[in-house]
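The lines below spell out each chain.
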Amino acid sequence: MKVLAINGSHRKGSTLELLKIVLDEIDSSIEKEIVSLSDYEIGYCKLCGACKKNGGTCILKDGFQELAEKMTAADIIVVGSPVYFGSITGKLKSLFDRSRALRVSWSLKNKFCGALAVGATIHGGQEHTIQAIHSWALIHGMLVFGDTSPTAHFGCAAVASQKDGKFEFNKGGIETAKSLGRHINEIAEMLK
């Protein structure tokens, strides 16, 4: 069992910290990895159709290939994004668009996908951001999951602020991040 957490932020800040909280809740017997898109160059999908002709191989050569391998190898993918104008970041959108190559061969079908969004204010677009992640997953035929009881929402929706160089999260954000991690444990138990 392998969990891949994708930090869709352009930097390593609050979204990364929340993903770490999620992974800290996951049983130690489960393999876990976090990747930050800020470490990768990902070009725009040109909708050239080459991936359809080449059996799912994108002709653009950049960081997408490594990320595609990691997503394909994972059983569960948790995607996190800060809210950018009510949705996901441009970098994450580029990854999603480029993943069309993976859809050609249905490489992500039946994998589990959870979502995490962090904004600067309550009602700052977190649910819309989570919805964009869920939509991507559903188009790939993935199985979408949210956090579990006692919170049980769409996933982790948090509010972050920075004080003295450290991130502070609202209580509900911390609770839903931990709950998302616990739900991964439940899914892993079901899959045994």
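Residues numbered from 1 in each chain as written. Predicted model: local features only at pLDDT ≥ 70, side-chain atom pairs only at ≥ 80, totals over all residues. Heavy atoms only, no water.

Novice: I'd love a proper account of unusual backbone geometry, names of residues and values included.
Specialist: Trans is the common state for peptide bonds, and a negative phi is the common state for residues other than glycine. Residue Pro150 is reached from Ser149 by a cis peptide bond, and omega for that bond is 10°. For Pro150, the position within the fold is in the loop between β5 (143-144) and β6 (156-163). (Helix = DSSP H or I, 4+ residues; strand = E, 2+ residues; numbered from the N terminus.)

Novice: Could you give me a rundown of the pattern of salt bridges, with the residues and numbers involved?
Specialist: A complete count under the given rule lists 9 salt bridges for this structure. Note that Lys93 is salt-bridged to Asp97, the shortest N-O span being 2.5 Å. With Lys93 and Asp97 both in helix α4 (residues 90-98) and 4 residues apart, the pair spans about one turn of that helix. A relative accessible area of 40% places Lys93 in the partly exposed class. Between Lys171 and Glu175 there is a salt bridge whose closest N-O contact spans 3.8 Å. Residue Lys171 and its partner Glu175 are both found in helix α7 (residues 171-191); the two are separated by 4 residues, about one turn of the helix. (Salt bridge = Lys/Arg side-chain N within 4 Å of Asp/Glu carboxyl O. Buried < 20%, exposed > 50% of the residue type's maximum accessible area, 1.4 Å probe, protein only.)

Novice: Help me get a handle on the packing of helix α1 (residues 14-24) against α7, residues and values and all.
Specialist: For the pair α1 and α7, the least separation of the axes is 7 Å and the interaxial angle reads 45°. Viewed along their axes, α1 and α7 adopt a mutual orientation that is oblique. Of the two elements, α1 crosses α7, and the hand of that crossing is right-handed. Taking contact as the criterion, the partners of Leu18, Ile21 and Val22 in α1 are, on α7, Gly173, Ile174, Ala177, Lys178, Leu180, Gly181 and Ile184. Tallied by class, residues from the contact of α1 with α7 come to 7 nonpolar, 2 polar and 1 charged. (Axes fitted to C-alpha atoms, helices over the stretch in contact; angles between N-to-C directions. Parallel < 35°, antiparallel > 145°, perpendicular 65-115°, else oblique. Left-handed = near helix turned anticlockwise from the far one by under 90°. Contact = heavy atoms within 4.5 Å. Nonpolar A, V, L, I, M, F, W, Y, C, P; charged D, E, K, R; others polar.)

Novice: Lay out the nonpolar core in plain terms, naming residues and giving numbers.
Specialist: Counting 30 residues, the largest nonpolar core has Ile6, Met71, Val79, Leu95 and Trp136 as its most contacted members. Mapped by element, the contributors of at least two residues to this core are β1 (2-7), α3 (64-73), β3 (76-82), α4, α5 (100-104), β4 (112-119) and α6 (126-139). Those residues in contact with Met71, other than ones at most four positions away along the chain, are Leu4, Ile6, Phe64, Ile77, Leu95, Leu102, Leu108, Lys111 and Trp136. (Core = buried A, V, L, I, M, F, W, Y, C linked by side-chain atoms within 4.5 Å.)

Novice: Residues and numbers for the packing of aromatic side chains, please.
Specialist: Describing an aromatic ring pair means giving the distance of the ring centres and the angle of the ring planes. For the structure shown, the criterion picks out 1 aromatic pair. For the ring pair Phe96 and Trp136, a centre distance of 4.3 Å and an interplane angle of 5° mean the geometry is stacked. Residue Phe96 is located in helix α4, and its partner Trp136 is located in helix α6; the two are separated by 40 residues in the primary sequence. Taken individually, Phe96 and Trp136 each receive the classification buried, so the pair is uniform in this respect. (Phe/Tyr/Trp six-rings, centres within 6.5 Å; stacked < 30°, edge-to-face > 60°.)

Novice: An account of the pairing of strand β2 (residues 31-36) is needed here, citing residue identities and associated values.
Specialist: Here β1 runs beside β2; their pairing, made up of 6 bridges, is parallel. Of the residues in β2, the one forming a bridge with Ala5 is Ile34. With respect to chirality, the unit in which β1 leads through α1 into the neighbouring parallel β2 is right-handed. (Pairing = 2+ DSSP bridges. Right-handed = clockwise from strand over helix to strand, strands pointing away.)

Novice: Let's hear about the environment of Ile77: which residues, and what values?
Specialist: Examined against the element boundaries, Ile77 turns out to sit in strand β3. Overall, the relative accessible area of 0% leaves Ile77 in the buried class. For the pair formed by Ile77 and Glu33, sequence separation is 44 residues and the distance between their alpha carbons is 9.8 Å. Aside from chain neighbours lying at most four places away, what touches Ile77 is Leu4, Ile6, Met71, Leu108, Phe112, Cys113, Gly114 and Met142.

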